[in-house]
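Chain and residue survey
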Amino acid sequence: MKQEQVLKTEESETFSKDYSKYAFSDKEDYIFKSKKGLTKEVVEEISKMKNEPKWMLDFRLQSLDIFWKKAMPKWGADLSTIDFDNIYYYIKPSEKTEKNWEDVPEYIKKTFDKLGIPEAERKFLSGVGAQYDSEMVYHKIREDLEKQGVIFLDMDSGLREYPELVKKYFATVIPNNDNKFAALNSAVWSGGSFIYVPKNVKVDLPLQAYFRINAQNMGQFERTLIICDEGSSVSYVEGCTAPVYASDSLHTAVVELVALPGSKLRYTTIQNWSNNVYNLVTKRAFAYENATVEWVDGNLGSKITMKYPGIVLLGEGARGEVLSVAFAGKGQHQDAGAKIIHMAPNTSSKITSKSVSKDGGRTTYRGLLKVAKGAFDVKSSVVCDALILDEKSASDTAPYMEINEKKVSIGHEASVGKVSEEQMFYLMSRGLSEEQAMTMIVSGFIEPFTKELPMEYAVELNKLIALEMEGSVG
Amino acid sequence: MAYAIMENPIQMEKLTAVRSELAEKEKQKHFDTYKSLPMPSERQEAWRYTSIEKLKIDNFAPFNNESVIECQNADEIRQSGIILTDINDAFESHPDLIKKYFSKLITPDSNKFAALNASHFANGIFLYVPKNAIAETPIKISFLINKNNSVIRNLIIAESGSKIDFIEEYVPDSDEEFFNSAVTEVYANDDSKINYNHLNNFGGKASSMINICGSAGRNASINWFSASFGGKLNRLVIDTLFNGEGSQSENLGLFVGKNREHIDITTNAYHNTPHTSNNIKVDGILKDNSSSVYRGLIRIEKEGQQTNSYLSNHILKIGEKTLGNSIPSLQIEANDVKASHGATVGQVSEEHLFYLMARGLSREEAENMITQGFLEPIICKIKFEELRGKIRELIIK
């Protein structure tokens, strides 16, 4: 009994939060801050400050050209309000990435302390990275894993210390001409994680990275590359927050995953940006023979999110799964989804998407399921469900299915609806308030997602949902 | 080849086109629009999976050829007060109705092919069902498309409280390459009921674009049935606009592609008013090297509360090199609604084949039986036995 109580207070201390927990900001005290706007000089400067090899500078400049040439996407959410000239493309908060928490500059340390990062590391993680604006300020992995050859670095250090490995895989999953925002990231990328798991090494606890935007009008362009060698396994978790400013920030990440034969890779995102962040992210994975890739993708915050985690199943027996949740509140548009491309026989995939919109928010599921010629005996199922909580909110579903092979079994289902009166009545007749009942139903609706999260994240997510739901009825 | 459904052409009447200055004027109005609009490209969403690069519509010009339009039972249906005439004729005889209804649902400037139709239509039917009129027998129309191409324009108006069954078929008169454009606007005014059956059976060389749009008024219902067979390019669009409270619709469709045929079916539902209900089901079979694209949108506007709307699409692949695309989508602006869609793509299951073959059927027979069975849930809902029989026949062929 006593123990239970202790647990309870601990929990409420850790998680009794409203967005104000994330909404604070630090004084801007930076080592370097680029000029506003995007020019060739800015790109050259970033590369120079990072002491990059020539091939990377060339890659950046080529990407910049592609970015300028490519038109803005004509589909999806409304991006017309992004002002590319009003954004800082590179802000360096500290001299180098620290391995010792004590060495991280005081004010940044405070930020992450408030967000509970070091505490989490002690409790349940194998390694932690923390990115503050453009740079990773802290990166640390458990020693035993390091000894087994697991690499967990920020992308810049990765490029310095393992140039061959990076060069072999960098931009192979997502080339710089993939789309306008991938080109932008390729030109100005900074930070992000670089992970390599050697053959047959299994990382038992998740590795985590936390991304924080602090400066106003900031553009964060992290670049993550994860390589799982044959037979290995790893789970990676990222969290994102930013303070609330009057003007908008841009978060444009590129995440590339390579799952070599027989490996297992899970990538979990809990995105809780403040409502002034454009979150335009390209995420894609290659899965080779018998490899498994899973994207677990939670989108709560941001002004506009456009993100469609993709899996290309390249080897026989590969499996892909995308599990995503989107929650759109006032003024938010969550345009999320998934892309799965079956390129090899005997591959299977599953997409589960759950979305909730309220207070005038809009959720969109946009997905592609493609079976290429020659990819026979493919199984795939797609389920997307949407809840609309009030009459101001809306939801769209736009799945694409392109099936070029005969021996397949493909299923897709989608439904949109509201919380049923009966369910509400049932719960309320058992003494719950309308708000509690609604929160419970919404939590239950996204249960398939929460149960895949590490315990601590699941609890936090439920708290966030409860927070979002506050004042949603009556 | 023709008269597929009209087994017994006793009173076959040919609707002859009448020259009408007013109709010519209407066409002239849209000629510039047609000239100025570009051909759709594959970059446009609606044409993403249907290549029309090879389709040079100018090769088929001048599009002034009248199609042969026949009605089996014109006299009989006119007895209940229904007006059935050539569309050009209607411009002269019913200018007020034309003014009120013509080109209102499918506007000429919406795309190149709509403009082509509005500016070049040669003939078509005008069907007017007066208030509370009930047609005892189905109205059967056949459009015979010959090698001189066709641009057909139809207008169907069912006044309030009326009720009709309508059967149309598009059949080629020759095996040569031709182009067919047809636009049909259907108005089901308050409390009326339209049961609309569409059958097309184009050969392997025809390119056809048929665009049908129905608007349902208060408590009106439009039930669609469509069957599409063949065509080098066979594009059929059936849109339903729920413009009156309590309106409802069922939209059943089936298609069979063989050889190198490409079938492109779209069925959209636009719910603009409360208390509407909709059920769409389109299933198709792909044989040989055929390909298909199915699109189905359910859009519920803010005003469309208390609406139920469902859509399903199933594709059965028989041919090794078939290509099937399916894009069902939902756009929901209202919260007190139920909307869902489901889609599947699959093959004939080996287990089912084994079951039948173990009972003495050859592999081919078993496969045929399963194919027929796949579409049977839709076929058995067709109201008319003769149409059911005809479609079953076409599926095996």
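Rules of the game
Residues numbered from 1 in each chain as written. Chains lettered and ligands numbered in written order. Predicted model: local features only at pLDDT ≥ 70, side-chain atom pairs only at ≥ 80, totals over all residues. Heavy atoms only, no water. Helix = DSSP H or I, 4+ residues; strand = E, 2+ residues; numbered from the N terminus. Buried < 20%, exposed > 50% of the residue type's maximum accessible area, 1.4 Å probe, protein only. Contact = heavy atoms within 4.5 Å. Areas by Shrake-Rupley, 256 points an atom, 1.4 Å probe, with all protein chains shown as cover. Buried area = accessible area lost by both parts, 1.4 Å probe. Salt bridge = Lys/Arg side-chain N within 4 Å of Asp/Glu carboxyl O. Polar contact = N/O pair within 3.5 Å; in protein donor to acceptor, adjacent residues only side chain to side chain. Nonpolar A, V, L, I, M, F, W, Y, C, P; charged D, E, K, R; others polar. Pairing = 2+ DSSP bridges. pLDDT = per-residue confidence, 0-100. Axes fitted to C-alpha atoms, helices over the stretch in contact; angles between N-to-C directions. Parallel < 35°, antiparallel > 145°, perpendicular 65-115°, else oblique. Left-handed = near helix turned anticlockwise from the far one by under 90°. Core = buried A, V, L, I, M, F, W, Y, C linked by side-chain atoms within 4.5 Å. Phe/Tyr/Trp six-rings, centres within 6.5 Å; stacked < 30°, edge-to-face > 60°.

1. Observations concerning the overall build of chain A
A tally of regular secondary structure across chain A gives 14 helices and 24 strands. Oriented by its inertia axes, the alpha-carbon framework of chain A measures out at about 65 × 60 × 50 Å. Counting every position in chain A, which comprises 474 residues, the buried fraction comes to 63%. The long-range share in chain A, meaning contacts at least 24 apart out of those at least 6 apart in sequence, stands at 84%. In the form shown here, chain A has an accessible surface area of approximately 18300 Å², with 50% of it arising from carbon and sulfur atoms.

2. Here's the deal with the interface of chain A and chain B
Taken residue by residue, the interface counts 32 residues in chain A and 35 residues in chain B. When the buried surface of chain A facing chain B is broken down by residue, Tyr 400, Met 401 and Lys 406 of chain A rank first, second and third, together holding 25% of it. The interface formed by chain A and chain B includes three salt bridges. Of the charged contacts in the structure, one is a salt bridge between Lys 406 of chain A and Glu 320 of chain B, with a shortest N-O distance of 3.5 Å. At the junction of chain A with chain B, the criterion picks out 15 residue pairs in polar contact (both at pLDDT 80 or more). Residues of the side of chain A that touches chain B, tallied by class, amount to 12 nonpolar, nine polar and 11 charged. Strand direction decides the pairing type here: strand E23 (residues 394–403) of chain A and strand E18 (residues 323–332) of chain B, joined by six bridges, are antiparallel. Bridge pairing in E18 of chain B links Met 401 of chain A to Ser 326 of chain B.

3. Side note on unusual backbone geometry
Phi is positive for Asn 217 of chain A, which is not a glycine, with a value near 55°. Mapping Asn 217 of chain A onto the fold places it in the loop between strand E7 (207–212) and strand E8 (219–220). Its identity is not glycine, yet Gln 306 of chain B carries a phi of approximately 55°, on the positive side. By secondary structure assignment, the location of Gln 306 of chain B is in the loop between strand E16 (291–300) and strand E17 (308–317).

4. Examining the pairing of strand E14 (residues 277–287) of chain A
All names here are of chain A. Most of E14 is tucked away: 11 of the 11 residues are buried. Both faces of E14 are covered, namely the face carrying Val 277, Asn 279, Val 281, Lys 283, Ala 285 and Ala 287 and the face carrying Tyr 278, Leu 280, Thr 282, Arg 284 and Phe 286. Sheet topology note: the strand E11 (residues 249–251)/E14 ladder contains three bridges and is parallel. Bridge pairing links Leu 250 to Tyr 278 in E14. Bridge analysis of strand E12 (residues 254–259) against E14 gives six bridges, and the strand direction is parallel. Paired with Val 254 across the bridge in E14 is Thr 282. Across four bridges, E14 lies against strand E16 (residues 304–307) in parallel orientation. The partner of Tyr 278 across the bridge, within E16, is Ile 304. By the bridge criterion, four bridges tie E14 to strand E17 (residues 310–313) in an arrangement that is parallel. Counterpart to Ala 287 in the pairing with E17 is Leu 313.

5. Details of the confidence of the model for chain B
For any part of a model where pLDDT is low, the fine detail of the predicted coordinates should not be relied upon. All names here are of chain B. Of the residues in chain B, 97% have a pLDDT of 70 or more, and the chain-wide mean is 89. Between residues 1–10, whose pLDDT stays under 50, and residues either more than four places distant or in other chains, the model counts 23 contacts. Scored as a complex, the prediction yields pTM 0.86 and ipTM 0.79.

6. A short note on the packing of helix H6 (residues 350–357) of chain B against helix H7 (residues 363–379) of chain B
Residues and elements named next belong to chain B. Their axes nearest at 9 Å, the elements H6 and H7 cross at an angle of 120°. Considered as vectors, H6 and H7 are oriented oblique to each other. In the packing of H6 onto H7, the handedness of the crossing is right-handed. Facing Glu 350, His 352, Leu 353, Leu 356 and Met 357 of H6, the residues of H7 in contact are Arg 363, Ala 366, Glu 367, Met 369 and Ile 370. Residue classes in the contact of H6 with H7 are distributed as six nonpolar, one polar and three charged.

7. Some points on the nonpolar core
Grouped together as the largest cluster of nonpolar side chains are 158 residues, with contacts concentrated most on Phe 112 of chain A together with Leu 127 of chain B. With residues near it in sequence (within four places) discarded, Phe 112 of chain A still touches Trp 101, Ile 117, Pro 118, Ala 130, Gln 131, Tyr 132, Val 137, Tyr 210 and Arg 212 of chain A. Judged by nonpolar contacts, the second largest core, of 34 residues, contains Ala 114, Val 151, Leu 155 and Val 183 of chain B.

8. Focus on the packing of aromatic side chains
Two aromatic rings are characterised by how far apart their centres lie and by the angle between their planes. Residue and element names in this part refer to chain A. Using the criterion set out here, one finds 23 aromatic pairs over all chains in the structure. Ring centres of Phe 67 and Phe 84 lie 5.2 Å apart, and the angle between their planes is 80°; this geometry places the pair in the edge-to-face category. With Phe 67 in helix H4 (residues 54–69) and Phe 84 in the loop between H4 and strand E2 (91–92), this pair connects stretches of sequence that are 17 residues apart. There is no split in this pair, since Phe 67 and Phe 84 are both buried.

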